[in-house]
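The chain contents come next:
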Amino acid sequence: MALVGLAELAQARERIAGVAVRTPLLPCPWADDEHGSLYLKPENLQPTGAFKTRGAYNRLAALTPEEAARGVVAQSSGNHAQAVAYAARLLGIKAVIVMPDTSPAVKVEATRSYGVEVRLVTPEERDTVPLELVEEYGYVHVPPYDDPYVIAGQGTTGLEIAEDAAALGLALDTVLVPVSGGGLIAGTAAALKLTMPGVRVVGVEPELAADAQQSLRTGELTRWPVERTYRTIADGLRTTSLGRLPFEHVQAYVDDIVTVSEDEIRAAAAVLARRARIVAEPSGAVATAAHLFRRGELPPGRTHVAVVSGGNVDPQLLAELLAV
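Notes on the structure in this doc start here. (Residues numbered from 1 in each chain as written. Predicted model: local features only at pLDDT ≥ 70, side-chain atom pairs only at ≥ 80, totals over all residues. Heavy atoms only, no water.)

What follows concerns the nonpolar core. Core analysis: the biggest nonpolar cluster contains 32 residues, and Leu38, Leu40, Leu176, Val204, Val260 and Leu272 have the highest contact counts within it. Counting only elements with at least two residues in this core, the list comes to strand 2 (37–42), strand 8 (200–206), strand 9 (256–260), helix 12 (262–275), helix 13 (282–293), strand 10 (303–308) and helix 14 (315–323). Ranked by residues supplied to this core, first place goes to helix 13 with five residues. The contacts of Val260, once residues within four sequence positions are left out, are Val204, Glu205, Pro206, Glu207, Ile265, Val286, Ala289, Ala290 and Arg294. (Core = buried A, V, L, I, M, F, W, Y, C linked by side-chain atoms within 4.5 Å. Buried < 20%, exposed > 50% of the residue type's maximum accessible area, 1.4 Å probe, protein only. Helix = DSSP H or I, 4+ residues; strand = E, 2+ residues; numbered from the N terminus. Contact = heavy atoms within 4.5 Å.)

In structure tokens:
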């Protein structure tokens, strides 16, 4: 499949205008030191609490009238689920969302609040049940990451980073992006490399779900079993492998992928709440964790942007993170 280019990114930006929020680059003076500075891209401020709004709306808005009439089905642990449900409500499209029964209750209830049908399944069935529903009911499948429209929608994140960095006069060195199935890093990396060729793009994932790092470094798409990836607290990053199209983008545009520990993820989420006044779910805190705790593994440079990919955290978990 062809990689997403500037034309697709521009079309995505037009489709999502007025729906997805153009989130700012937030300076973090509390993180400044002799080694450099940090800016945050707070995608937790999107209407559904995560960057997924961008890709989901772009995909649904691009459906033909015949496809829209059939309805859609999507699978997700929570953030893509909410984004598809929200987009479907805005566009008047029937949607069925398949979620693993391990999804945080706050994400399940938020998805249902948009008026869609939610089906809870085992983690092993998450990716197979949607295809069964497509076969049975004729729904259009809206995958969470392995789709060019989804990738282009997520890539508008990178367009905004490049434009805002230029407007602020930042000599941007490295952009840190959470990695799960790869839609966000695929689109963001494409947008950045096509508009700011000198910038480095580094993915970040949990040590307990490091399939993407292994895939990039070996050059072969690697799958980790569910029982391994589901050990991490970062529930949005438990995908067992990159999608095939995201992997092509990662190979073309991503400089490296680093990992962070569970303790580092927890600490970063607490720091974001206390110092940046940002509510980040563990999955959304991993990029900040890399800046705070893995600087020696990152490319040289003084100015980093960390994407805070989402803020849909269970209130009890947030309280536990802040209590430490």
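The structure having been displayed, the exposition proceeds.
The subject of this paragraph is helix 12. For helix 12, spanning 14 residues, the distance from its first C-alpha to its last is 20 Å, which sits close to the expected 20 Å at 1.5 Å a residue. When we look at burial in helix 12, the residues that qualify are Glu262, Glu264, Ile265, Ala268, Ala269, Ala270 and Leu272. The inward-facing, buried residues of helix 12 contact strand 2, strand 8, strand 9, helix 13, strand 10 and helix 14. Following helix 12 by one or two positions, Arg277 has its phi on the positive side, about 55 degrees. (Expected span 1.5 Å × (residues − 1).)

As a further point, take helix 6 (residues 129–137). The complete set of buried residues in helix 6 reads Val129, Pro130 and Leu133. Seen from one end, helix 6 has its buried residues packed into an arc of 100 degrees, which puts them on one side. One or two positions beyond helix 6, positive phi appears at Gly138, with a value near 80 degrees. (Arc of directions from axis to C-beta.)

Okay, the sheet that holds strand 8 next. The strands that make up a sheet pair up through hydrogen bonds in the backbone, lying either parallel or antiparallel. Judged by pairing direction, the sheet is mixed, and its six strands sit side by side in the order 1-2-10-7-8-9 without closing on themselves. At either end of the open sheet lies a strand with only one pairing partner, and these are strand 1 (26–27) and strand 9. Judged from the six bridges that link them, strand 2 and strand 10 form a sheet pairing that is parallel. Looking across to strand 10, one finds that Leu40 is bridged to Ala306. In this fold helix 9 (residues 211–218) packs onto strand 8 and strand 9, with an angle of close to 150 degrees to the strand it touches most, strand 9. (Pairing = 2+ DSSP bridges. Axes fitted to C-alpha atoms, helices over the stretch in contact; angles between N-to-C directions.)

With five of five residues buried, strand 7 (residues 174–178) is to be regarded as a mostly interior element. What you see with strand 7 is no split at all: Thr174, Leu176 and Pro178 on one side and Val175 and Val177 on the other are buried throughout. After leaving strand 7, the chain enters helix 8 (residues 183–195) and then returns to the sheet as strand 8, a path that is right-handed. As defined by bridge partners, strand 7 adjoins strand 10 across three bridges and the pair is classed as parallel. Bridging across to strand 10, Val175 finds its partner in Val305. (Right-handed = clockwise from strand over helix to strand, strands pointing away.)

A separate point is the packing of aromatic side chains. For the coordinates displayed, the defined rule picks out two aromatic pairs. Just above the ring of Trp224 sits the side chain of Arg228; from NZ or CZ to the centre is 3.7 Å. (Phe/Tyr/Trp six-rings, centres within 6.5 Å; stacked < 30°, edge-to-face > 60°. Lys NZ or Arg CZ within 6 Å of the ring centre and 35° of its normal.)

Taken residue by residue, a regular strand's side chains alternate between the two faces of the sheet. Most of strand 9 is tucked away, with four of its five residues classed as buried. In this structure, strand 8 lies alongside strand 9, joined through five bridges in parallel fashion. Across the sheet, Glu205 pairs through a bridge with Thr259, a residue of strand 9.

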